[in-house]
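Given next are the chains, with one letter for each unit.
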Amino acid sequence: MIETLSIRNIALIDELDLELAPGLNIFTGETGAGKSVILKSIGLVLGERTSADIVREDADFAEVEVSVEPDDEHPIWQTNSDETADPMLTDSFTEALDPSDALILSRRITANGRSRSQVNGRLVNLKQLQALGTLLVDIHGQHEHQSLFRTQTHLKLLDDFGGNREAQRHIGNIYAQLRALQQEAASLTETLKASEREKELLEFEIKELASANLEEGEAEKLADEARILKNAEALRKSADHVYRQLENDNAGMGSYGSPLERLRDAAKELIKLSEIDDSLSELGDRLESSLYELEDIASQVRHYAETVESNAMRLDEVTDRLALIAKLKRRYGNSIPEILAYHADAAEKLETLHLGTEKQDLLQAEIHKTIQEAQRLCTALSAKRQHVAKHLSERIQKELRTLGMDKAEFHASVRHIPDARGPFQINGKRYAFRADGMDDVEFLIAPNVGSEARPIARIASGGEISRIMLALKTVLVQVDEVPTLLFDEIDSGIGGKVADVVGKKLKELSAFSQVICITHLPQIARFADRHFRVEKKVVGERTLITAKPLSAEEQVNEIARMHGGEETETGLAHARELLSGE
């Protein structure tokens, strides 16, 4: 509820500070006294648009501030966890608010038209202020804050009346799941689409590398083999020459024999000498060991010379293989280990792309399953809404009769939202899916017999809108979560018995919500828990709008003025009688 209202420099208001009561707050005064300015000020601090004209002449700025205390169960404290919450109130916005503190909403408009809004001293934008204000105060009259002009309010009111909050929350969760799945699928589709060329390239590269069948160290081995094959004849001749130098008697050694033969003779002689002188035995052993080594070298050189052969075909194969490796190095890496690593990485990427295609199929299956479940739940909720709408329309119709709108026909319209690209298909037609279901709900009214039922905003006057909302609030009083209701022009076009009924209903409603009402009728004003009189006064050379709460005796005088225009003994007696309810 609104506890305090402070207004500075708005129109003809200089300074005005009011404390409101929890129940029924009534504002009265002569026509043109400034009641609408007070109402407009409340609208401003709730986010209504305005201009610099609202600033009092000769003032630099206008400012409105209200102190509001929502209870602990108010939706404002749950906006962060609610899937269907107003996005303006999620994340860090409400985290900074403390349920143990009052909410201080303020708005300043400068003389040049600049506007600044704050909640508990924290700057907020106009949309955030509007979103917050919608949860705190419901204004009914000729104001843009009028909740009956917003069709989303109609659906909420219907679902509150029908007890559909849990079903709607469940649908909201499924809607969020579907959106997440669809976004993931769309992102994956774009990724796969962008990767199609990469996929083709990877397939080519993997095929090329697989067919190459490279091994680590292969290039070095092939290079060595190619060098040998290119120099095979020279190698054979050189090896043969080395062998002949070591072993062949015809190697140019004359009668002395081959080097090895001469070393064998030397070794024999040295052995004979060592038999005489033991000190020569070590030299004999060393020479004998060297002889064995040279004989082995000669044997291997001979074998090498015999095995080395020219092989042009093999040389071509090795050359081609080395050329292939060089080409692969230019494409995939500077060495065979790098090429093999690239091959493994490409295979992994291709596998990921293949898995992406499989995941895409799984996502589409999950999306289809989720849509089927969502359609089942939405269809069931829609059927219940149709039933509840009929019952609500009958109840509202009955209330309107008591409020003097005998000829008006009220209808709560529930219809599926057509959408050519919607996910739901029923009887060959497609429908939309939203976080609150598949329905549009709109309150329609035909003010006269034979009139076509049309949206309330296009048909009803300010007073009629207020009475329609009073009828709605009377029916929905147990489920309404907005703590403060403001009615303007609710007495337009009524009087007598109907005015008394309106007053009683406002009084009943004020037991559940704070009610602020501007009226010209004593039959309504008499039910006030706190009665404010609004006046225009000339102070010096200025005309100012003032308002003050009335004492019991002052209320008697005001009721008398409203009833007959004169505070005579008869008028005062009648006012006391009216206030006593007799």
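Conventions we followed
Residues numbered from 1 in each chain as written. Predicted model: local features only at pLDDT ≥ 70, side-chain atom pairs only at ≥ 80, totals over all residues. Heavy atoms only, no water. Phe/Tyr/Trp six-rings, centres within 6.5 Å; stacked < 30°, edge-to-face > 60°. Helix = DSSP H or I, 4+ residues; strand = E, 2+ residues; numbered from the N terminus. Buried < 20%, exposed > 50% of the residue type's maximum accessible area, 1.4 Å probe, protein only. Lys NZ or Arg CZ within 6 Å of the ring centre and 35° of its normal. Pairing = 2+ DSSP bridges. Axes fitted to C-alpha atoms, helices over the stretch in contact; angles between N-to-C directions. Core = buried A, V, L, I, M, F, W, Y, C linked by side-chain atoms within 4.5 Å. Contact = heavy atoms within 4.5 Å. Parallel < 35°, antiparallel > 145°, perpendicular 65-115°, else oblique. Nonpolar A, V, L, I, M, F, W, Y, C, P; charged D, E, K, R; others polar. Salt bridge = Lys/Arg side-chain N within 4 Å of Asp/Glu carboxyl O. pLDDT = per-residue confidence, 0-100. Expected span 1.5 Å × (residues − 1). Arc of directions from axis to C-beta.

Draft legend 1. Summary view of the packing of aromatic side chains. Evaluation of the coordinates by the stated rule reveals 5 aromatic pairs. Judged by centre distance (4.7 Å) and plane angle (10 degrees), the ring pair of phenylalanine 27 and phenylalanine 532 falls under stacked. Placement of phenylalanine 27 in strand S3 (residues 24–28) and of phenylalanine 532 in strand S16 (residues 530–539) is noted, with a sequence separation of 505 residues between them. An identical accessibility class is assigned to phenylalanine 27 and phenylalanine 532; each is buried. A ring pair is formed by tyrosine 175 and phenylalanine 433, whose centres lie 5.2 Å apart and whose planes are at 85 degrees; its orientation type is edge-to-face. One end of the pair, tyrosine 175, is in helix H5 (residues 165–194); the other, phenylalanine 433, is in the loop between strand S11 (429–431) and strand S12 (439–446), with 258 residues separating them in the sequence. Look at phenylalanine 433 and you get buried, because its relative accessible area is 9%. Ring pairing ties together the aromatic residues Tyr175, Phe424 and Phe433, which thus form one cluster. Positioned above the aromatic ring of phenylalanine 61, the side-chain terminus of arginine 108 is 3.7 Å from the ring centre.

Draft legend 2. View of the sheet that holds strand S4 (residues 61–68). A sheet is described by the order of its strands in space; here 6 strands give the open sequence S2-S1-S4-S5-S6-S7, paired in antiparallel fashion. Every interior strand has two partners, whereas the edge strands, strand S2 (13–19) and strand S7 (122–124), have only one. Neighbouring strand axes in the sheet, compared pairwise and without regard to direction, differ in orientation by 15 degrees on average. Relative to S4, strand S1 (residues 2–10) runs antiparallel, the two being bridged by 6 bridges. The partner of arginine 8 across the bridge, within S4, is glutamate 63.

Draft legend 3. A look at the nonpolar core. Judged by nonpolar contacts, the single largest core of 52 residues is most densely connected at Phe410, Phe443, Leu472, Phe487 and Leu506. Take this core: its biggest share by element is 8 residues, from helix H14 (residues 462–476). In this structure, Ile10, Leu44, Ile109 and Ile516 belong to the second largest nonpolar core, which totals 42 residues.

Draft legend 4. Local environment of the sheet that holds strand S13 (residues 454–455). Read across the sheet, 3 strands follow the order S9-S12-S13 without closing on themselves; strand pairing throughout is antiparallel. Pairing within the sheet leaves two strands with one partner each, and these edge strands are strand S9 (409–416) and S13. Contacts between helix H4 (residues 151–162) and the sheet are confined to S9 and S12, with S12 contributing the most and set at about 100 degrees to the helix.

Draft legend 5. Molecular detail of the packing of helix H17 (residues 552–564) against helix H18 (residues 569–580). Close contact between H17 and H18 brings their axes to 8 Å; oriented N to C, the two are set at 110 degrees. As the angle between them shows, H17 and H18 are arranged roughly perpendicular. Mapping the contact onto sequence places Glu553, Gln555, Val556, Asn557, Ile559, Ala560 and His563 in H17 and Gly571, Leu572, His574, Ala575, Arg576, Leu578 and Leu579 in H18. Looking at the contact of H17 with H18 residue by residue, the classes come out as 7 nonpolar, 5 polar and 2 charged.

Draft legend 6. The arrangement of the pattern of salt bridges in detail. Applying the stated criterion across every chain yields a total of 30 salt bridges. The residue arginine 376 makes a salt bridge to glutamate 373 at a minimum N-O spacing of 2.7 Å. In this pair, arginine 376 and glutamate 373 both sit in helix H12 (residues 336–402), 3 residues apart, roughly one turn of the helix. For glutamate 373, a relative accessible area of 29% corresponds to the partly exposed category.

Draft legend 7. The pairing of S2, seen in detail. Here S1 runs beside S2; their pairing, made up of 6 bridges, is antiparallel. Paired with isoleucine 10 across the bridge in S2 is isoleucine 13. Following S1, the chain reverses through 2 residues before pairing antiparallel with S2; alanine 11 in that reversal takes a positive phi of roughly 50 degrees.

Draft legend 8. How the structure looks around the confidence of the model for the protein. Looking at the protein as a whole, its pLDDT mean stands at 83, while 88% of the residues score no less than 70. Counting interchain partners and residues more than four positions distant, the pLDDT-below-50 stretch residues 80–84 has 10 contacts.

Draft legend 9. Helix H9 (residues 259–276), seen in detail. Over its 18 residues, H9 runs 26 Å from end to end, which matches the ideal 26 Å to within 8%, given 1.5 Å per residue. Listed in full, the buried residues belonging to H9 are Leu260, Ala267, Leu270 and Ser274. Taken end-on, H9 shows its buried residues confined to a sector of 75 degrees, consistent with a single buried face. Residues of H9 that are exposed and point more than 90 degrees away from the buried face comprise Lys268, Glu275 and Ile276.

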